[in-house]
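Reading the structure
In case you want the letters, here they are:
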Amino acid sequence: MNVCMNEIQVMNKGDYMSATSSYILEKSGFEKNNAELLLNETLFHNANGYQGIRGNFEEGYPEGFDSIRGQYINGFYNSYKISTEEWHIGFIQEKHSMVNVFDTQSMKLWIGEEPLDLFQGTVTEYKRLLDMKKGITVRSFVWESPKGKKVRIYIERLASFEMLPLFLINYRICPLNFSGTVKMESIQSGDVYNYFNKKDSRVAGEKRLHISVKTSEASEGIGLLVSETVNSHLEAACAATHICSEPAVMTQACKDKCIITAIEFSIKEGTWSSVEKYSVICDSLRYANVREKALDFLNQAIVLKASYWYQKQEQFLESFWSQCGIEIGGDEELNLSLHFNQYCLLQSAGLDGVSNIGAKGLSGEGYEGHYFWDTEMYMLPFFSLTQPDCAKKLLGYRYHILEQARENALRLGHSKGALFPWRTINGKECSYYYPSGGAQYHIIGDIAYGIIQYYLITGDWDYMTEQGAEIVLETARIWYDLGNFYKGKFHIHSVTGPDEYTCVVNNNYYTNLSAKYNLTWARKLYEQFKQKGQLETLQKKIGITEEEICGFAKAAEAMYLPYDKELDINPQDDSFLSKKWWDMDSIPEGAGPLMHKNFLYHIYRFQVCKQADTVLAHFLFEDEQKLSTIRNSFDYYERITTHDSSLSRCVFSIMAAKLGEKEKAYQYFDFSSKIDINNSQKNTKDGIHTANMGGTYMAIVYGFLGLRIKEDGFFLNPLLPDEWDSICLDICLRGSKIKICIDKKICRIALTNKKPVDLYIYGKEYHLRDEITIEMRK
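Cut-off values and rules
Residues numbered from 1 in each chain as written. Predicted model: local features only at pLDDT ≥ 70, side-chain atom pairs only at ≥ 80, totals over all residues. Heavy atoms only, no water. Helix = DSSP H or I, 4+ residues; strand = E, 2+ residues; numbered from the N terminus. Rg over C-alpha atoms; globule rule 2.2 N^0.38 Å. Buried < 20%, exposed > 50% of the residue type's maximum accessible area, 1.4 Å probe, protein only. Lys, Arg positive; Asp, Glu negative; His and termini not counted. Charge placed at Lys NZ, Arg CZ, Asp CG, Glu CD. Contact = heavy atoms within 4.5 Å. Pairing = 2+ DSSP bridges. pLDDT = per-residue confidence, 0-100. 1 Å grid on protein atoms, 1.4 Å probe; cavity = no way out; pocket = protein on both sides within 12 Å on 5 of 7 lines; lining within 4 Å. Points joined across faces, edges and corners; volume = space filled by probe spheres on them. Nonpolar A, V, L, I, M, F, W, Y, C, P; charged D, E, K, R; others polar. Patch = residues over 30% accessible without salt bridge, like charges linked within 9 Å, V, L, I, M, F, W, Y side chains within 5 Å. Areas by Shrake-Rupley, 256 points an atom, 1.4 Å probe, with all protein chains shown as cover. Salt bridge = Lys/Arg side-chain N within 4 Å of Asp/Glu carboxyl O. Axes fitted to C-alpha atoms, helices over the stretch in contact; angles between N-to-C directions.

Here's the deal with the overall build of the protein chain
Secondary structure assignment for the protein chain yields 17 helices and 31 strands. Relative to the globule expectation of 28 Å for 778 residues, the C-alpha radius of gyration of the protein chain, 27 Å, shows essentially globular dimensions. Across its three principal directions, the C-alpha atoms of the protein chain cover 85 × 65 × 60 Å. Going through the 778 residues of the protein chain one by one, you find that 62% of them count as buried. Mean positive and mean negative side-chain charge positions of the protein chain (85 and 100 charges, respectively) differ by 1 Å.

Okay, here's the thing in structure tokens:
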């Protein structure tokens, strides 16, 4: 019997569906298609919240094929000047970009004198997979060289959740019709650049040198590079070594900003041989001496061996899935999408206080690694409801950059308060285009909302006293300074809401409601501090006064909210209904975003929405309007929304579910849940859509389960789409771990940790001590 059998014995169901598990993303068949290769670089990336490595071929592609070859550290950036002849006070003069730090994934194999090259010879049994319970990616295939030698290759990768700086590659080789000698060249390179595309505003527009090698060393089988960013002067170190299963001749050489380790050994027909590559990266944001720390981590990694790290990876993920399990009965392909989205959120989350979740996670360079409002509004709910400790750490990043937010407020003309930047890495504004960047003041309301939601879900008053309340009060100061009273109402002028096709307007409905919520909770928290005898501490920190709080309350109460009585809708802003309608039928299917084909200021003159804006406000603040206004507004904006943003459909799904439109809610959700696996937006090559991934989770919990987190309790109004048999998931409310399962007949809610909690289901109050079973409403 040939012991060198294929290690992946699963069959395909759909493009990326494994027949064995909805926790395995799998792709079979090798295609010499550049678009497909770029897509799979993203889908099969490895990350752990600290570092991310794109799923590039170890051996690379032939000349003429495009590749985004990248390895990134969350929050690690370079700065560069922005030059313009039309600079004005308040405009940024410097920008930051996440840096492609090293290339540690390159491993080139020669079978005799023939280099392994999938674009030459014959490839069979090709598979790629991501195992979300083991925390590994695999590339496996049989290659027959042009001279007829057949070899089976199995390459396994792991970015460790146990030791965040560790990236491990296990490269296994089995000759099928020969025995002989092979040579591998394993490369550590610091000669790296970021990807750029002049035609896409979502990635860098030009080639820049962001990082350069300072020192390179090779000794006793260990390669060590230390690099420094060109302008921000941050350091990163990469240490790597190899373990070969066979007696091998190993040599090392430092060449042109890289270290090449040559490994030559014999292989035997029908028998597996392997090379394990351990690489560690450390950066100066987190470690004082990056060189010594990298060597220290590397020594720990190889002493404990690969088997230990695989075991720890599985244990970590077993705990993760036990906290956030979700299953849809009757749709395994959807389960795969949901699990992929959850896993990618985990891989993307920086939990160390100096980093956060980028718009593309750590899977690619779209949006240059910047953090947006996406975290608090779309991704934080997943963590708050399943892993509140992680949610608290994500919010901790905002506190970490609070001083920069205060400086940003001063830069834009505010005398006090904290104005968080629209897009950032280190706390400074990175958006140069003000109309759809810095003008989106709603980000401060979004952050405040996320903090309050976390508090209502967890009851974590310690967090509020240490960090949360300070942020809520400092952002409230901005709203009070930004707006003004006019004819008895509080107006907010010259801002942009979530819809980036309508910019710099007066009284954006979403923005005004966000401000009202922020101001209202600033007053409530102030009163709670007073009642608990903790006000003096807060006053010493930020100097908040009773007079300010009275002003906040007055502004919140008088907040102007646009309303059209004739249509019974909330106009998106003061001027929105006076604009021409965009001819939606004129937009060709699959044409891509309007902003890529039209002058932005031309788009601004029309009633056309890039994404949910007023509809999002009606989800977050549903008690502010009567149901007829919410329904009429949904119908109105649905007709003029392009959903060019991946953040849009999940919100429309949630609101369709609230309005009882099950089929519509399902259709929006189905598209949203598979955006990356299906490459629906045609840009997944630049990275995953992390906000949409969080939004997909929200559409399940807030949409089909109808969960609302309010000051007076937790409310559920479950609704099951006809296409599904059931929904079953785990959440945590005020420390109570709850399993919610609904099917076509009943809703069953079980307590799993013996901590009772009160719930409202279909408007009726229940005290959950063990299990509740009620009939589903039609």
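Some points on the environment of Leu538
Within the secondary structure, Leu538 sits in helix α10 (residues 535-542). In this structure Leu538 comes out as buried when scored by relative accessible area, which is 3%. When sequence neighbours within four positions are dropped, the list of residues in contact with Leu538 reads Leu473, Phe529, Gly543 and Ile544.

Considerations on the pairing of strand β31 (residues 771-775)
Alternating residues of β31 divide into Ile772 and Ile774, all buried, and Glu771, Thr773 and Glu775, none buried. By the bridge criterion, five bridges tie strand β28 (residues 746-751) to β31 in an arrangement that is antiparallel. Note that in β31 the partner of Ile746 across the bridge is Glu775.

Overview of the confidence of the model for the protein chain
With 97% of its residues at a pLDDT of 70 or more, the protein chain has an overall mean of 95. Counting contacts from residues 8-13, a segment whose pLDDT is below 50, to residues more than four positions away or on other chains yields 18 contacts.

Points about empty space enclosed by the protein
Going through the model one piece at a time under the given rule, you end up with nine cavities of 30 Å³ or more. Computed from the structure, the largest cavity encloses a volume of approximately 90 Å³. Lining the largest cavity are 14 residues, and of these Asn194, Tyr195, Ala204, His210 and Glu365 sit closest to its centre. Residue composition of the lining of the largest cavity, grouped by class: six nonpolar, three polar and five charged.

Focus on a nonpolar patch on the surface
Judged by side-chain polarity, Trp87, Ile89 and Phe91 come together as a nonpolar surface patch covering roughly 330 Å² of accessible area. Positionally, Phe91 belongs in the loop between β4 (71-81) and β5 (94-100).

Concerning the environment of Tyr449
Looking at the element boundaries, Tyr449 is found in helix α7 (residues 442-458). Exposure remark for Tyr449: the relative accessible area of 11% places this residue in the buried category. Separated by 65 residues in sequence, Tyr449 and Ser514 place their C-alpha atoms 7.7 Å apart. Setting aside residues up to four positions removed in sequence, Tyr449 forms contacts with Met377, Tyr517, Leu620 and Phe621.

Some remarks on the layout of surface pockets
Of the volumes computed, that of the second largest pocket is approximately 690 Å³. In this structure, the second largest pocket is lined by 31 residues; those nearest its centre are Ser67, Ile68, Arg69, Asp103 and Asp191. Of all elements in the fold, only β6 (103-111) and β12 (180-189) reach the threshold of two or more residues within the lining of the second largest pocket. The element best represented in the lining of the second largest pocket is β6, accounting for five residues. Split into classes, the residues belonging to the lining of the second largest pocket amount to eleven nonpolar, eleven polar and nine charged.

Thoughts on the sheet that holds β28
With antiparallel pairing, five strands are arranged side by side in an open sheet as β19-β26-β27-β28-β31. Two strands in the sheet have a free side with no partner beyond their single neighbour: β19 (326-329) and β31. Across the sheet, the axes of successive neighbouring strands diverge by a mean angle of 15°, strand direction being ignored. By the bridge criterion, eight bridges tie strand β26 (residues 726-733) to strand β27 (residues 736-743) in an arrangement that is antiparallel. Across the sheet, Ile727 pairs through a bridge with Ile742, a residue of β27.

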